[in-house]
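# Structural features, examined
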Amino acid sequence: MRHRHSDYMHWAKTQSRAPFNLATSGVGSFPLAELPGQPALEINGDSTYGYAPLQQAIAAKCGVDPDCVVAAAGTSMANHLAMAALLEPGDEVLIEHPAYELLVAAALYMEARVKCFARLEENGYALDPDQIRRVLTPRTKLIVITNLHNPTSVLTPDSVLREIGDLARSVGARVLVDEVYLDAVYEDTPRTSYLLGPEFIVTNSLTKVYGLSGLRCGWILAEPDLARAMWRLNDLFGSIPAHPAELLSVAALAHLDVIRARARRVVDADRVQLAEFLARHPSICSPRTKFGTTAFLRLSGLDVDSFLARLRSDYETSAVPGRFFEMPGHVRIGMGVDGAMFAEGLRRISLALAAQPSR
Ligand SMILES: Cc1ncc(COP(=O)(O)O)c(C=O)c1O
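Residues numbered from 1 in each chain as written. Predicted model: local features only at pLDDT ≥ 70, side-chain atom pairs only at ≥ 80, totals over all residues. Heavy atoms only, no water.

### Some words on the site of the ligand
As a matter of local geometry, the ligand sits amid 15 residues, with Ser 76, Asn 150, Asp 178, Tyr 181 and Ser 205 nearest to it. Within the side chain of Ser 25, one N or O atom sits 3.5 Å away from an oxygen atom of the ligand. In this structure, an oxygen atom belonging to the ligand sits 2.6 Å away from a side-chain N or O atom of Tyr 181. Here the ligand loses 95% of its free accessible area of 400 Å² to cover by the protein chains. Here the shell around the ligand gets four residues from one element, more than from any other, and that element is helix H3 (residues 74-86). For the shell around the ligand, a count of residues per class yields three nonpolar, nine polar and three charged. (Near = heavy atom within 4 Å. Polar contact = N/O pair within 3.5 Å; in protein donor to acceptor, adjacent residues only side chain to side chain. Areas by Shrake-Rupley, 256 points an atom, 1.4 Å probe, with all protein chains shown as cover. Helix = DSSP H or I, 4+ residues; strand = E, 2+ residues; numbered from the N terminus. Nonpolar A, V, L, I, M, F, W, Y, C, P; charged D, E, K, R; others polar.)

Now the structure itself:
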């Protein structure tokens with residue numbers, strides 16, 4: 001039976017909300033009223049295989065040729081489309097662990113044979129090419145990673161990405177890098193790994209780091225032949241995007257620095273709060289990153305699912321259960337939405353931990 005659902009997405013849509021919502025992954029919404037250079041909206045436009053001004057704006061942002069850009073409805077559809085274009089049923093796909101569940105679910109939906117390679121907690125969740133080498137075979141078609149890593153926000157340097165690219169090339173595979181969080185590296189933001197070599201395929205969008213999720217402005221970067229094949233495949237899926245969203249996306253892409261800076265202030269302040277919280281709770285293990293909108297916390301010595309259920313019912317606070325990352329002793333929390341809410345959410349987590357009978 002094909003895999004036709006995502007438990008995580010269903011949970012996120014139906015059970016993640018709370019007055020103190022730390023179950024987020026991206027920054028707070030960017031209001032339309034604050035978008036500089038508001039475009040005149042129109043309902044229909046000249047969009048076939050891409051809307052030319054949007055193709056050019058995405059290409060310019062990424063430092064690539066517009067022929068390499070395939071527009072898609074968010075990174076979600078970008079990941080789906082990329083996998084649909086690259087995989088045949090039975091193909092072997094290697095995916096990092098812990099992983100964003102939708103990446104695994106999409107590969108399973110393609111009827112791929114999914115194998116995992118570890119990002120080890122004791123190594124700070126760094127990507128380790130040796131872990132990939134252990135599971136790589138001549139049948140491997142795709143290696144899937146996130147950069148920044150969801151859930152830990154750990155950054156993978158280009159030197160390691162190049163090694164992974166070499167591994168992929170040695171068996172004729174490709175590397176799919178989901179970069180939806182990469183621009184949350186606010187200083188010396190790395191260039192897209194698409195530029196590292198032809199085996200790299202990259203997905204991204206303006207959702208998590210810019211607060212523009214509603215525009216569904218996502219894209220795939222792939223070499224032109226593959227990009228054309230993806231456009232043709234997309235005719236079977238979304239075919240034509242909503243034109244008003246394309247117009248707004250072009251306007252947003254012209255002002256990304258302003259939009260990102262607004263969110264950064266909240267993310268940076270929340271990270272300070274998080275550091276203070278972790279200092280008060282030395283038993284909680286978490287990689288400390290200087291960037292990213294999510295953090296992954298190991299809560300030792302308690303049943304995390306029942307703790308989170310009580311946190312939500314008694315303390316009106318939510319966080320993502322680690323079981324969605326196949327790490328049941330962990331929780332993921334999100335930064336960048338609202339400083340006061342984040343601080344109060346952390347305070348309530350402290351209260352709930354203090355009330356734990358076993359601690
Ligand atoms: C790694 C990763 N990729 C993709 C997405 C979905 O992005 P979008 O909202 O652009 O579809 C998420 C959302 O949480 C994510 O964490």
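### Description of the sheet that holds strand E13 (residues 320-321)
In space, the three strands of this open sheet follow the order E11-E14-E13, with antiparallel pairing throughout. The sheet is open, and its two borders are formed by strand E11 (294-298) and E13, each paired with just one other strand. Across five bridges, E11 lies against strand E14 (residues 330-334) in antiparallel orientation. The partner of Ala 295 across the bridge, within E14, is Ile 333. (Pairing = 2+ DSSP bridges.)

### Quick word on the sheet that holds strand E5 (residues 92-97)
Two pairing modes exist for strands in a sheet, parallel and antiparallel, and in both the strands are linked by backbone hydrogen bonds. If you trace the seven strands from one edge of the open sheet to the other, you get E4-E10-E9-E8-E7-E5-E6, paired in mixed fashion. The open sheet has two edge strands with one neighbour each: strand E4 (69-73) and strand E6 (113-118). Strand-to-strand twist of the sheet, defined as the mean angle between neighbouring strand axes without regard to direction, takes the value 20°. One ladder, built from six bridges, connects E5 with E6; its direction is parallel. Across the sheet, the residue bridging to Glu 92 is Arg 113, located in E6. Helix H4 (residues 101-109) contacts E5, E6, strand E7 (140-146) and strand E8 (174-178) of the sheet and is inclined by roughly 170° relative to E5. (Axes fitted to C-alpha atoms, helices over the stretch in contact; angles between N-to-C directions. Contact = heavy atoms within 4.5 Å.)

### Some details on the side chain of Glu 199
Residue placement: Glu 199 occurs in the loop between E8 and strand E9 (200-205). According to the relative accessible area criterion, Glu 199 is buried, its value standing at 7%. Within polar-contact distance, the side chain of Glu 199 engages the side chain of Arg 169 at 3.0 Å. What Glu 199 contacts, discounting residues up to four positions off in sequence, is Gly 165, Arg 169, Ala 173, Arg 174 and Val 175. (Buried < 20%, exposed > 50% of the residue type's maximum accessible area, 1.4 Å probe, protein only.)

### Here's the deal with H4
Taken together, the buried positions of H4 are occupied by Glu 101, Leu 103, Ala 105, Ala 106 and Ala 107. The inward-facing, buried residues of H4 contact helix H1 (7-14), H3, E5, E6, E7 and E8. Count one or two residues on from H4 and you reach Glu 111, which has phi positive near 65°.

### Examining H3
In this model H3 runs 18 Å from its N-terminal to its C-terminal C-alpha over 13 residues, within 8% of the 18 Å that 1.5 Å per residue would give. Counting buried positions along H3 gives 10 out of 13 residues, so the element sits mostly inside the fold. All buried positions along H3 are accounted for by Gly 74, Thr 75, Ala 78, Asn 79, His 80, Leu 81, Ala 82, Met 83, Ala 84 and Leu 86. (Expected span 1.5 Å × (residues − 1).)

### As for unusual backbone geometry
Note that the residue after Asn 147, namely Leu 148, is joined by a cis bond; omega there is 0°. For Leu 148, the position within the fold is in the loop between E7 and helix H6 (158-170). Each neighbour pair has its own omega, and for Asn 150 with Pro 151 the value is 20°, a cis peptide bond. The topology assignment puts Pro 151 in the loop between E7 and H6. Even without being a glycine, Glu 111 presents a positive backbone phi close to 65°. Positionally, Glu 111 belongs in the loop between H4 and E6. In this model, Ser 153 sits at a positive phi of 70°, which is unusual for a non-glycine residue. Looking at the element boundaries, Ser 153 is found in the loop between E7 and H6.

### Let's talk about the environment of Ser 350
Among the structural elements, Ser 350 can be located in helix H11 (residues 339-354). Leave out the neighbours within four places in its chain, and Ser 350 touches Phe 277 and His 281. In terms of polar contacts, Ser 350 uses its side chain to reach the side chain of His 281, at 2.8 Å.

### Side note on the pairing of E7
Consecutive side chains of a regular strand alternate in pointing toward one face of the sheet and then the other. Among the seven residues in E7, six count as buried, and that is most of the element. The pairing of E5 with E7 spans four bridges and is parallel. Bridge pairing in E7 places Leu 94 opposite Ile 143. Relative to E8, E7 runs parallel, the two being bridged by five bridges. Looking at the pairing, Ile 145 lines up with Val 177 of E8. Once you follow E7 into H6 and on to E8, the crossover reads as right-handed. (Right-handed = clockwise from strand over helix to strand, strands pointing away.)

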